[in-house]
Amino acid sequence: MNQLNATHDPALKSWVVSANQPDTDFPIQNLPYAVFASKDAAHDFRVGVGIGDQILDLRALASLAPFKGEAAQALSACKYNNLNALMALNTSLWSALRSELSQSLARGSSRKELLQQLLLPQSDAIYGLPAQIGDYTDFYISLHHASAVGKQFRPDNPLLPNYKWVPIGYHGRASSINVSGHSFTRPMGQMRPEAEGAEPRVGPCERLDYELELGIFIGNGNPQGRRIPIEDAESHIFGLCLLNDWSARDIQAWEYQPLGPFLAKNFASTISPWVISYEALLPFRIPYERSPSDPQPLPYLSSETASALDIKLEVWLSTEQSRARGLEPAYLASSNFKDAYWNIAQLISHHTINGCNLRAGDLLGTGTLSGPESGQEGSLLEMTKGGNQALHLPWGEERRFLEDGDEVIFKASCQKDHYPRIGFGKCRATVMPT
Ligand code: MN
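Conventions we followed
Residues numbered from 1 in each chain as written. Predicted model: local features only at pLDDT ≥ 70, side-chain atom pairs only at ≥ 80, totals over all residues. Heavy atoms only, no water. Helix = DSSP H or I, 4+ residues; strand = E, 2+ residues; numbered from the N terminus. Rg over C-alpha atoms; globule rule 2.2 N^0.38 Å. Buried < 20%, exposed > 50% of the residue type's maximum accessible area, 1.4 Å probe, protein only. Contact = heavy atoms within 4.5 Å. Areas by Shrake-Rupley, 256 points an atom, 1.4 Å probe, with all protein chains shown as cover. Lys, Arg positive; Asp, Glu negative; His and termini not counted. Charge placed at Lys NZ, Arg CZ, Asp CG, Glu CD. Pairing = 2+ DSSP bridges. Axes fitted to C-alpha atoms, helices over the stretch in contact; angles between N-to-C directions. Donors = N, O, S within 2.8 Å, 3.2 Å for Na, K, Ca; no water. Domains from an automatic or database assignment. Buried area = accessible area lost by both parts, 1.4 Å probe. Salt bridge = Lys/Arg side-chain N within 4 Å of Asp/Glu carboxyl O. Polar contact = N/O pair within 3.5 Å; in protein donor to acceptor, adjacent residues only side chain to side chain.

Caption draft 1: Representation of the overall build of the protein in the model. Along the backbone of the protein there are 12 helices and 26 strands. Radius of gyration (C-alpha) of the protein: 22 Å, near the 22 Å computed for a compact globule of 434 residues. If one aligns the C-alpha atoms of the protein with their principal axes, the spans along those axes are about 75 × 55 × 40 Å. Taken across its 434 residues, the protein has 57% of its residues classed as buried. By sequence separation, contacts in the protein at least 24 residues apart represent 74% of the contacts at least 6 residues apart. With an accessible surface of roughly 18,400 Å², the protein has 49% of that area assigned to carbon and sulfur atoms. Charged side chains of the protein number 37 positive and 47 negative; the gap between the two group centres comes to 3 Å.

See below:
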């Protein structure tokens, strides 16, 4: 599975002309999955694959049954209104489908005429959640984020002693995960009393923040009681998406001890509609390294082959004012997944060491991905030093935390010389008043 193959050939071009543009998110080497509907039939959600600025309808393709063998088996798992059936298969079947889709969409394919009628422009589509998400776990794998935030919450003790041994995580809530393009109301909650001995305040959150994360969709799971060894862990990754783990910092600061995040996190999360298959990301695997001065991972978290991924992430912001004036969103920050302290295989291996069963369609969040430098912060909490330093937007407004009407936009891409850019699409959502 971790082998490059003909679908990764950088010279491959598609008969879908827009897929050959250098700035497209979806060249033929990407082939991301989504659940979409046509704007004309907005409830008829089905599985599709992105190619340039088009979507290929895989439910319609499945009904034509053009493939044989494993690819046919995988394609028949695409006739539903979510990706769970496809996710529940295995790397061999996913790979067979990707190979046939790649050949069918490649320039010169004899299937061009058949497939051409099954394309919908992405501008005519709306999206649904890619999967029915059974369980959602959020991790905390950026040491840079953990240190910066730890400093604010616990100045004397920023990094807790377990951090470099255990991939820290908590169980989040799946019901409030939405697909990009939605809006949600500013949460109400209970906040720390203003003076010692006073009652806690209750009201709309005043320190609303985003968290720049990647989501990992689990493919085939594990039976309860049987762990996933780290050597096998990557074969359980179906694909990755963008994830915004919206956070109410004032509610969080008051509620988080001793059991961790609760209402400060579970009111809304946003994911991008496109799931980039793990196979599409293989050219961007890089060696995972742990600094020799840090504790080395325990044997069950240690692997010669488990890798990091080179994925660049970006945060953009638009406000009511900027949109009214017709201005482009402001760029805020950028980080890279390769700067994370733990890799995905370690998360999966750790999550299942106790026999916890992961299931197809489960979502793991990486935790806020921040880098070591200024300008690489994955949250406003870090950018504004806990709200103490205002952020100046190019059109004259200031922000310490998010205001009503603010829209946060995440983007991500993988780039290297002599290889087409693999983009993630966008993950965007807007804050509405309480
Ligand atoms: Mn988070």
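Caption draft 2: Examining the sheet that holds strand E9 (residues 182-185) more closely. Pairing in this open sheet of 5 strands is mixed, and the strands run E9-E26-E25-E20-E21 from one edge to the other. Strand pairing shows two members of the sheet lacking a second neighbour, E9 and strand E21 (330-336), which therefore form its edges. Averaged over neighbouring strand pairs, the angle between their axes works out to 25° when direction is ignored. Here E9 pairs with strand E26 (residues 419-432) via 4 bridges, running parallel. Note that in E26 the partner of Ser183 across the bridge is Thr430.

Caption draft 3: Quick peek at the coordination of the manganese ion. Coordination of the manganese ion by the protein involves Asp138 (OD), Glu211 (OE), Glu213 (OE) and Asp245 (OD), with metal-donor separations of 2.1 to 2.2 Å. If you list the donors of the manganese ion from N- to C-terminus, the spacing comes out as D-x72-E-x1-E-x31-D. Of this pair, Glu211 sits in the loop between strand E12 (208-209) and strand E13 (212-218) while Asp245 sits in the loop between strand E14 (237-244) and strand E15 (247-248), and the two are 34 residues apart along the sequence. On the basis of relative accessible area, Glu211 is assigned to the buried category, the value being 4%. Residue classification places Asp245 among the buried residues on the basis of a relative accessible area of 0%.

Caption draft 4: Spotlight on the domain arrangement of the protein. Taken as a whole, the protein is organised into domain 1 (6-128) and domain 2 (136-432). Between the C-alpha centres of domain 1 and domain 2 there is a distance of 28 Å. Every contact between the two is made by 31 residues of domain 1 and, on the other side, 27 residues of domain 2. Summing both partners gives a buried area of about 2,300 Å² for domain 1 against domain 2, and 64% of it is carried by carbon and sulfur. Applying the counting criterion to the domain 1 and domain 2 interface returns 1 salt bridge. For Asp25, the salt bridge is made with Arg421, and the minimal N-O distance between the two is 2.6 Å. The interface formed by domain 1 and domain 2 holds 11 residue pairs in polar contact (both at pLDDT 80 or more) in total.

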